[in-house]
Every structure is written in structure tokens, then in C-alpha cells.
Amino acid sequence: MVESVSVPLSVYRFDPGRDASPRYVDYRLDLPRHTPVLTALLKIRSEIDSSLSLRYSCRSAICGSCAMLINSKSRLACQTQVGPELDLHGRIVIDPMRNQPVLRDLVVDQRPFWQDYERILPHLVTDPRHPMPEGKPNPMTPEQVERFHETPRCIACGACYSACPAKEADPTFPGPMALAKLYRFVVDPRDGATRERLLRIQPGGLWTCLRCHLCTTSCPKDVQPSERIRDLKELAIREQGATEAGSRHAVGFKENLHDRGLLNEMRLVRQTDGVLGMLRQAPQGIRIAAKKPELLHKPRRIEGQEEVRRLYELLEDEEGGA
Amino acid sequence: MRRHDVLVVGAGLAGQRAALAAAQAGRDVALLTKLHPLRSHSGAAQGGINAAVGAEDSVDTHIYDTVKGSDYLGDQDAIEFFCSEAGKTVVEMEHFGTIFSRAPDGSLARRPFGGAGFPRTIYAADRTGLALLQAIYEHLGTEKITTYEEWDLVDLVLVDGRVQGIVAHDRRTGEFEGIAAKSVVLATGPAGRVYSRTTNSHSSTGDGLAIAYRAGAWLKDMEFVQFHPTALLETGILITEGARGEGGILKNGTGERFMSRYAPHVQDLASRDVVSRAIVTEILEGRGFPGGFVHLELMHLGKEKIESRLQEICDFSRNFAGIDPVTEPIPVSPAQHYMMGGIGTSIHGETNLAGLFAAGEAACVSIHGANRLGGNSLLETLVFGKEAGIAAAQFAADSPSTRVSDIEVQRTLGTVRTMMARTDGVEPLAFRAEIQAVMERRAGIYRNDADLRAGCEEISTLRERAATMRITDSSRVFNLNLTDALETLHILDLAEVILVGALARTESRGAHSRTDFPKRDDANWMRHTIASYRPEGPQLSYAPVAYTRWEPKERVY
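Quick caveat, the model's predicted, so the values are computed rather than measured.

What counts, and where the lines are drawn
- Residues numbered from 1 in each chain as written.
- Chains lettered and ligands numbered in written order.
- Predicted model: local features only at pLDDT ≥ 70, side-chain atom pairs only at ≥ 80, totals over all residues.
- Heavy atoms only, no water.
- Helix = DSSP H or I, 4+ residues; strand = E, 2+ residues; numbered from the N terminus.
- Rg over C-alpha atoms; globule rule 2.2 N^0.38 Å.
- Buried < 20%, exposed > 50% of the residue type's maximum accessible area, 1.4 Å probe, protein only.
- Contact = heavy atoms within 4.5 Å.
- Areas by Shrake-Rupley, 256 points an atom, 1.4 Å probe, with all protein chains shown as cover.
- Pairing = 2+ DSSP bridges.
- Axes fitted to C-alpha atoms, helices over the stretch in contact; angles between N-to-C directions.
- Expected span 1.5 Å × (residues − 1).
- Phe/Tyr/Trp six-rings, centres within 6.5 Å; stacked < 30°, edge-to-face > 60°.
- Lys NZ or Arg CZ within 6 Å of the ring centre and 35° of its normal.
- Buried area = accessible area lost by both parts, 1.4 Å probe.
- Salt bridge = Lys/Arg side-chain N within 4 Å of Asp/Glu carboxyl O.
- Polar contact = N/O pair within 3.5 Å; in protein donor to acceptor, adjacent residues only side chain to side chain.
- Nonpolar A, V, L, I, M, F, W, Y, C, P; charged D, E, K, R; others polar.
- Domains from an automatic or database assignment.
- Patch = residues over 30% accessible without salt bridge, like charges linked within 9 Å, V, L, I, M, F, W, Y side chains within 5 Å.
- Parallel < 35°, antiparallel > 145°, perpendicular 65-115°, else oblique.

Any chance you could explain the overall build of chain B here in plain terms?
Of the regular secondary structure elements, chain B holds 17 helices and 21 strands. For 557 residues, the compact-globule estimate of 2.2 N^0.38 gives 24 Å, and chain B sits close to it at 22 Å. Principal-axis analysis of the C-alpha atoms places the extent of chain B at approximately 65 × 50 × 50 Å. When each of the 557 residues of chain B is scored for burial, the buried share is 66%. Across chain B, contacts joining residues at least 24 apart in sequence account for 73% of those joining residues at least 6 apart. When the accessible surface of chain B is split by element, carbon and sulfur atoms take 51% of a total near 17600 Å².

Where do I start with the sheet that holds strand S4 (residues 73-76) of chain A in this structure?
The strands that make up a sheet pair up through hydrogen bonds in the backbone, lying either parallel or antiparallel. Residues and elements named next belong to chain A. With mixed pairing, the 5 strands of this open sheet are ordered in space as S2-S1-S5-S3-S4. The two strands at the open ends of the sheet, each matched to only one other strand, are strand S2 (23-32) and S4. Going from strand to strand, the sheet's axes swing by 35° on average, the running direction of each strand aside. Taken together, the 3 bridges between strand S1 (residues 4-13) and strand S5 (residues 92-95) define a ladder with parallel strand orientation. Looking at the pairing, Val-11 lines up with Ile-94 of S5. This element, helix H2 (residues 82-89), spans S1, S2, strand S3 (67-70), S4 and S5 of the sheet and lies at about 80° to S1.

Where do I start with the sheet that holds strand S13 (residues 294-297) of chain B in this structure?
All names here are of chain B. One open sheet accounts for 4 strands, arranged S11-S14-S13-S12; its pairing is antiparallel. A strand with exactly one partner marks an edge of an open sheet, and here the two such strands are strand S11 (225-232) and strand S12 (249-251). The average angle at which neighbouring strand axes cross in this sheet is 45°, direction not considered. Note: S11 against strand S14 (residues 330-339), 6 bridges, orientation antiparallel. From the neighbouring strand, Ala-231 faces S14, where its bridge partner is Ser-333.

I would appreciate a short explanation of helix H10 (residues 225-240) of chain A in the present structure.
Count 3.6 residues to each turn of an α-helix, and residues three or four apart come out pointing the same way. All names here are of chain A. In this model, H10 (16 residues) spans 21 Å end to end at C-alpha, consistent with the 22 Å of a helix rising 1.5 Å per residue. Here H10 has its buried residues at Pro-225, Ser-226, Glu-227, Arg-228, Ile-229, Asp-231, Leu-232, Lys-233, Leu-235 and Ala-236. For H10, the secondary structure elements touched by its buried residues are helix H7 (176-186), helix H8 (194-200) and helix H9 (214-218). Phi turns positive, to about 75°, at Gly-241, one or two residues after H10.

Explain the packing of aromatic side chains here, please?
A ring pair, where both rings are aromatic, is described by two values, the distance of the centres and the angle of the planes. Considering all chains together, one arrives at 16 aromatic pairs over all chains under this definition. The interplanar angle of 90° and the centroid separation of 6.3 Å between the aromatic rings of Phe258(B) and Tyr262(B) together place this pair among those described as edge-to-face. Assessed through its relative accessible area of 0%, Phe258(B) is described here as buried. Assessed through its relative accessible area of 28%, Tyr262(B) is described here as partly exposed. Clustering of aromatic rings is evident, with ring pairs tying together Phe113(A), Trp114(A), Tyr117(A), Tyr161(A) and Tyr137(B). The lysine or arginine in question, Arg527(B), covers the ring of Tyr542(B), its NZ or CZ lying 4.2 Å from the ring centre.

How do you make sense of the interface of chain A and chain B when you look at a structure like this?
You'll often see interface size given as the accessible area lost when the parts meet. In this assembly, 59 residues from chain A lie in contact with 57 residues from chain B. With both sides pooled, the region where chain A packs onto chain B buries about 4800 Å², and carbon together with sulfur makes up 50% of that total. Considering only the surface of chain A that becomes buried against chain B, Arg59(A), Ile62(A) and Arg153(A) emerge as the three largest contributors, covering 15% of it. Applying the counting criterion to the chain A and chain B interface returns 9 salt bridges. Taken together, chain A and chain B are joined by 41 residue pairs in polar contact (both at pLDDT 80 or more). Of all the secondary structure elements, the ones that give two or more residues to the side of chain A that touches chain B are helix H1 (37-48), strand S6 (102-104), helix H3 (111-119), helix H4 (142-146) and H7 of chain A. For the side of chain A that touches chain B, the class distribution of residues is 28 nonpolar, 16 polar and 15 charged.

Is there a simple way to explain the domain arrangement of chain B in this structure?
Residue and element names in this part refer to chain B. Partitioning chain B into structural domains gives domain 1 (2-224 + 340-404), domain 2 (230-334) and domain 3 (407-525). Distance between the C-alpha centres of domain 2 and domain 3: 30 Å. Taken together, both faces of the contact between domain 2 and domain 3 bury some 450 Å²; the carbon and sulfur share is 68%. If you sort the residues of domain 2 by the area they bury against domain 3, Asp-273, Arg-277 and Val-280 come out on top, with a joint share of 76%. If you look at where domain 2 meets domain 3, you find 0 salt bridges. For the pair domain 2 and domain 3, the interface holds 2 residue pairs in polar contact (both at pLDDT 80 or more). With 6 residues, the single largest contributor to the side of domain 2 that touches domain 3 is helix H9 (residues 272-284). When grouped by side-chain class, the residues that make up the side of domain 2 that touches domain 3 number 3 nonpolar, 2 polar and 2 charged.

Even after reading the chapter, I still don't get a nonpolar patch on the surface, so can you show me in this structure?
A cluster of nonpolar side chains, namely Val275(A), Leu276(A) and Leu279(A), defines an oily patch on the protein surface of about 340 Å² accessible area. Residue position: Leu279(A) is located in helix H12 (residues 265-280).

For this particular structure, what's the right way to read the packing of helix H3 (residues 76-84) of chain B against helix H12 (residues 376-397) of chain B?
The axes of two packed helices give the description: the angle between them and the distance between them. All names here are of chain B. Interhelical geometry of H3 versus H12 gives an angle of 95° and a closest axis separation of 10 Å. Taken together, H3 and H12 sit at an angle that is classed as roughly perpendicular. Contacts between H3 and H12 involve Ala-78, Phe-81 and Phe-82 from the first element and Asn-376, Leu-379, Glu-380, Val-383, Phe-384 and Glu-387 from the second. Here the contact of H3 with H12 is built from residues that sort into 6 nonpolar, 1 polar and 2 charged.

Would you take a moment to explain the domain arrangement of chain A for this structure?
Residues and elements named next belong to chain A. Segmentation of chain A into domains returns domain 1 (4-108), domain 2 (111-128 + 141-240) and domain 3 (245-321). Taken over C-alpha atoms, the centre of domain 1 sits 28 Å from the centre of domain 2. Taken together, the contact between domain 1 and domain 2 spans 16 residues of the former and 17 residues of the latter. Taken together, the links from domain 1 to domain 2 amount to 0 salt bridges. The tally of links between domain 1 and domain 2 comes to 7 residue pairs in polar contact (both at pLDDT 80 or more). Elements represented by at least two residues in the side of domain 1 that touches domain 2 include exactly S3 and S4. Considering each element in turn, the side of domain 1 that touches domain 2 owes the most residues, 4 residues, to S4.

How should I be thinking about the pattern of salt bridges in this particular structure?
All names here are of chain A. All chains considered together, the criterion is met by 83 salt bridges over all chains. Salt-bridge contacts for Glu-47 lead to Lys-43; the nearest nitrogen and oxygen are separated by 3.4 Å. Of this pair, Glu-47 and Lys-43 are both found in helix H1, 4 residues apart, which corresponds to roughly one turn of the helix. What makes Glu-47 exposed here is its relative accessible area of 55%.

What should I look at first to understand unusual backbone geometry in this one?
Most peptide bonds take the trans form, and the phi angle of most residues other than glycine is negative. Going from Val365(B) to Ser366(B), the amide bond is cis rather than trans, its omega being 10°. Tracing the sequence through the fold places Ser366(B) in the loop between strand S17 (363-364) and H12. One non-glycine residue with positive phi stands out, namely Asn99(A), at about 65°. For Asn99(A), the location among the structural elements is in the loop between S5 and S6.

How should I be thinking about the pairing of S13(B) in this particular structure?
The side chains of a regular strand alternate between the sheet's two faces. Residues and elements named next belong to chain B. Judged by which residues are buried, S13 turns out to be covered on both faces: Val-294 and Leu-296 on one side and His-295 and Glu-297 on the other are all buried. Taken together, the 3 bridges between S12 and S13 define a ladder with antiparallel strand orientation. Its bridge partner being in S13, Ile-249 is matched across the sheet by Glu-297.

Structural data, given as C-alpha cells:
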């Protein structure tokens, strides 16, 4: 028989209609190390406290129901084993997902998540220039299927949405899942609504993303939303030009490095927000300059600047060919 | 009062396809699910969807394979219709946006599946159910329908044998509400949680079947329970037949590729009932591994093939069993997987009750007969979901409006309040485990008279105790203890129907394997079992099987 270990669990409990504030209830179970956290929670439900509320269904990481915080990390309870958690943290603390209001215990209100999903126009829109072939499937090569990357694996669990600090800071940001879904339609050779989709995610769009990669590291299906958001940013600049502060900042950043190999903060602010924007930010600029006057100096060109330019040329050649 | 023309219960593939068809027919449609539509169990289907679209294949061969696979209990007129719809169904789903795996020439890739004469199973890696579920959900989003998410179906309301609507429970608010509908489509999916070892999700508790049964609908062929040959040892998580379709092989504890003794021609790709019995026989005769399992080997396929075509299987094995299929064999044994039986319907989803329709795994048309072929159930959800949706829309168009009286809601609520008021009695989850244990012990892969009789007696003892079931959680919001109790009562009724049907059927056919009656008995048993509800236990009657062109033969693979 597999040896059991004693597992201390601390579980967030809150019934907003009855409890003044949330509390943690501690449980201790004897479980084999490879036991999924979900199994532990179901054991609590069936043997200790049947009032513990959580969402779960398939227990095999395909229905996306049981996302929650396990030792502060957004993940699926069915796919997280107790052993490694104990090794890292000594105990297992369970909280509901972030960025969504708690309905009860570990159950959150996912309506904001689904409303953000709706923003990207989440269905195939046939390009009128390429109607569907009658009575036949559209041809699509294995290479074209590859271009979806892992986005079709998304199970809409919301772990990325819960982990996303950009979502927390800016409620208009659609969140990683919706953007990964947007990517799924953008690369679909059958779809013809890329322009409309990119418009629909304004404001908040793409540029609120901080590239922190927490979505990618919390995704249980390896969808890599942050990589796809990067792809969408490139696409947006190609399709629409640098029309927003976010994209102007990205383009300005690149130009700065290309020209001198270092950032010229003054120039970057002007490129991102324009002259008027600079004036609006002047008070803050003066405060910063008082502490770090070197920011006002035009940076010198770095040594080996030619190498940087050559790198850019190589990259552009490669992308031009792709 | 909430009121709709057509109310579809269950938002998996069958339910969503029914809702789509009914909405396209111009009706006011509502879709009710105890989950979110994208969390439905259809999404767990891995292997693929059958359609005879290859140049060397034909619809007739698909029909023949399905008839043979059903061990001649499938209705041949229904099977002919079913297979002839396959090609256009797959094309439609492709047009809705399904991302299928592709062959180098850009056509839909196909893989071989058990019991099929040709590589006929179209797939999306090893997550075909998820791919289809996403596409239908996306497409249904373009129609105007009302969705009730995280609502439990609690009761069907019938007046004079005609459906008036349902009583449902909103998990978010805790309210019980009546929803009137001129027609109701039940697409509530599987009932695998009647057993403890099942590939099915925790939500697969047969709600629609049990509620329809108590309302007077006929349950058909419920004794035919499919056990999938390859489920992960501890958890019962499904390892797709596609793993063998891609070349995976089964080996016993002595390292022998034992399927060559049971199915010399197709070996590991024999029909599911054949492979499951072979595995259990190996284990019973001492040739399994200690702990009662066999090995599924994929290592010889190579890392690249395993990781690209069987990506989910890799993850399952690594995350849920700590096994890397690239370097080690996967420990597997059979687990309950599918109910061939269900609410008896016509090709158009009609039941014996006016205004009540059913589709998908909750229904029995019957196309699977005594044993379902892999790749046919995804197709079934879409073909018959659409038919049921069209028929329900037509029925609603021809019907006067209906209503659900508050008396119905109060009656249901009364039952729940009684369970909540008890300070003593059986706990739903512990009690559920007892029912499941009876079913594993008495109505598994091999059955016999003594076991089934004992099972019936054990269930009637449990039924007496069920009257004392108790709900301990008193909260209104997401009270899962309440849904546990309702689901457990559903499971109890269905367990009884399976046992009684299996005891009566004194033959072996397809997935129903009686050690005391090892032969198929066409003279006496080539007929469907019909179970109808009586308070004292199910009443059985029998209905003929529809034949067209295929004479019963012995099934050899």
C-alpha cells in the first residue's frame, strides 16, 4: 500500500448571507502524497463537513470547474497533488479565485469573466470573400492547425483571470483568457473579423498587459496566454499602426534602442503621450528630475550600437520572410 | 412566471444542438444546466466522431459495423438514419468552427477505432469532445436564447399526461421556481455515478432519466452498461480508445499481448465489451498485475507521436498517475463508461409522454443496442439533438400555452424542507457510496442470477433507509448538500432499474454478460427492455427490435 501523510488544510469559508466576515477552517487528513487537492476537499465534504461549497465535475482537468487558489497560486484542485504542496509550504491553504466576487466558500461569481469573454465576439465570422464550401469541410493544412498553438486547449477555468494583476488594476482589461480566445479566431483561416474584434476590446484592450506571465504560469493546459497577447500586440501594430499609448510606447521603445541602445525617457514620454500628454505629466516629471537629473540628459550612444542595429535588421528580415 | 416555448435541460452537445435547432425554427428557447454549458461532460470525450467520408469507406459499412457492434439489438432503421447523417453533421460542425486535426492534403484526419471496418473516426487531437463543445457553444451564442446556468432540474410537471414545464432549483439564490414550457427536451447526459468506478464526471447522476422515469416515461435497455477497457487504475479517468487506435497495445502480467487470444483479427481494437471482458478474465485467472490491472503500452510509438496526438493522455498519466507514457506502461482496468439505455425515444426524440423529448446519452433511440462503438456517441448527440430540437419546436408551435402552478413548486419544496428538518438520518454522500458499492459488486462486467438477486434485495433495503435522507447544510446559496441528496435519490432509482432489467435478461448480449447464460438467445431476447415506474419497483415489458437489411450473425472480431 502507498504510505499516507498527514495533510493540514486551511480552507476559506464564507457565506455572505450569514457570516459577518470570512474565516479559515482547519482540517487534517491522512492521504497518499499523490492525492489531488480536489479529492481532499471532497473527503472533507463527505466525511467532515458537507456544507463546504465548491465547484467541481470531471476531476480530470477538462471541465474547468475547480480553479481556486492553492497556497496563493491559481490552479485546478483536481490537477494539484498534496505532496509537492506540503514540500513547498508545509500546509495547504485554499482560497477562492481572485478578481471575481465570492458567492460562497470557494465558489466565485464568474459573470465578469464571461462578460469579458463575450467582448471578443467569440464565434466564427465568415469572411464574405471566402464563403464556406457547400457540403464540404474547409481545407486546412496541419501547418495551419499548428498556428492555433495551444489556444484550443483552453477550458475556461479562469485561473489566468484570477492570477492577472492587470485585470486587478484595470477592470476594462479583458483578461488573458478572452485574449487567448481572440487569438484563436484571429489565426483561423475561416474567420474574417479580426479588425472588428480588435476594436471591440477597446478600451483596456491589449496594452494593459504587463507581460508578467502569471497567466502562462498558472494555466493548467499550457495555453500560454501571455505569448498570444504578445502576438496580438504585434498584429495590432501591423494592422492598425501605433494608434494607442500602449502601442506608441512599444514602438518608441524600439526606436530608442535602435537609435542609441539606451532609453531616452523624455523622448519616450513624448512618443507615448504626445506633447500635450508631456505637459500633463510635467509636474510628475519635475519631481522625478529633481531626484534623478540624469534622466533629462540625452543618453549617449552605447558602445557597439552598430551591433544592436544589425540585430534589429536580422529580426526584421526574419519577420518579413515569415 | 417564467415561460418558454421549448425548454432544453442539459447543455452538453445534445442539449445545445437541440436548442440551436429549436431557435432556428423560430421558437422562444431556454437552455437549463446545472453547470456552465462549457463544463458539460461532452467536453471530456476524447477520441473522435465517426463519419464514413473516406473514399474506401461507405455509409453502409458504418451501418453494418454499428449493427454488429450493437450485437443486433440496435434498431436498424434508426442506425441507417444515424449513419447517413454523419457526413453532413461533421461538415456542419467544421463550419461552426471546430478545429479538427488534419491530414497533409488539408482534409479531415481520421483514425481507426474499435469495431470499425475502416479508419472512420474524425478527431481533434485527443480532445474531440471539447473541440465540438466549444464550437457549438460559440455558434449557439449567435442565437437569441435564455440560459439558466447552475440550475438543477428537480421535477417534471405533467397534467393529464402532457408536459407543462419543470420545477428547478437556482443554486445561486436557493430558490425553487416553476418554468413553464410547451415542450421539454431532456439532454441531461450520463448516469455513470450509479457506479463508483466510472470514467464519468461527478455531475453524471442521471437526473433527467430518473425524473422522467418517475413522471411516467419509459426507460429502455438500462441493463446494458458499457465498461471502457482502459481507465486509469486509481481514479478511473478515461484513457481514450484512440490510444489503441494510434497503435497502443495491451499486455498482461506475464508480458503477453493477450488480445490476440480473444480477437485474433483486430486484437486490441476489438469492440469495447470484448476488450473489457478480456481484461477482467486475465485478471480473474491470475494473469493481471498485483492489484488487478493490465498495462497499456504506448512507448513503442515514440515521444513525438505520443505527445502530439495523445497530448491529454500524456497529461492525465503524468498528473493523475505519476506515469510517463513515453517511457512506462500505463496501468489500466475497465470502468463504467456509458449507458446504452436511456429514456426511450423515436428517431425524432419523442418519448411516450406528450411534449417530452430526449436526446444524447440520456436517451435510447436505440442505435447502440447492447454495445456502443467508440466514436458513435459524439455523433449521436449532434444527430439526435438536432432531431429532438426540431420535433420539440414543432410540438410547441402546435400547442397552447402551459403553466406550472405554485402547488407543484411548493410540493417539491416540501420534500426538500422535510429533508432539511431532519436531525437524524442518512447522509447523501455516504449513502450514495453504498448504492455504488452494490452496483460494482452485483452488476459489473460479469453478472449472474445470485449476484443480481442479492443486488435487488440490497437496493430495496437501501430504499427504506433513503426515506430518512437528511440535508445538513441549511444555507440557501450553493447548497451542494441539497443537490447531493436529490442526485442520490436519482441514482437509487436508476440502480434498481439496471438490476431488475439485468436479472430478467437471461442471456449474454453485448455489454450484458451473464456467466449463467453465456450465449446470446435471439429466440427469446432479441427485444428491448422497457421499464416503467411503479412505487413498489420497476415494471418490465418488452418491445421488438426494428430490422431492415442485416440478419443477426455471431459477432467475431
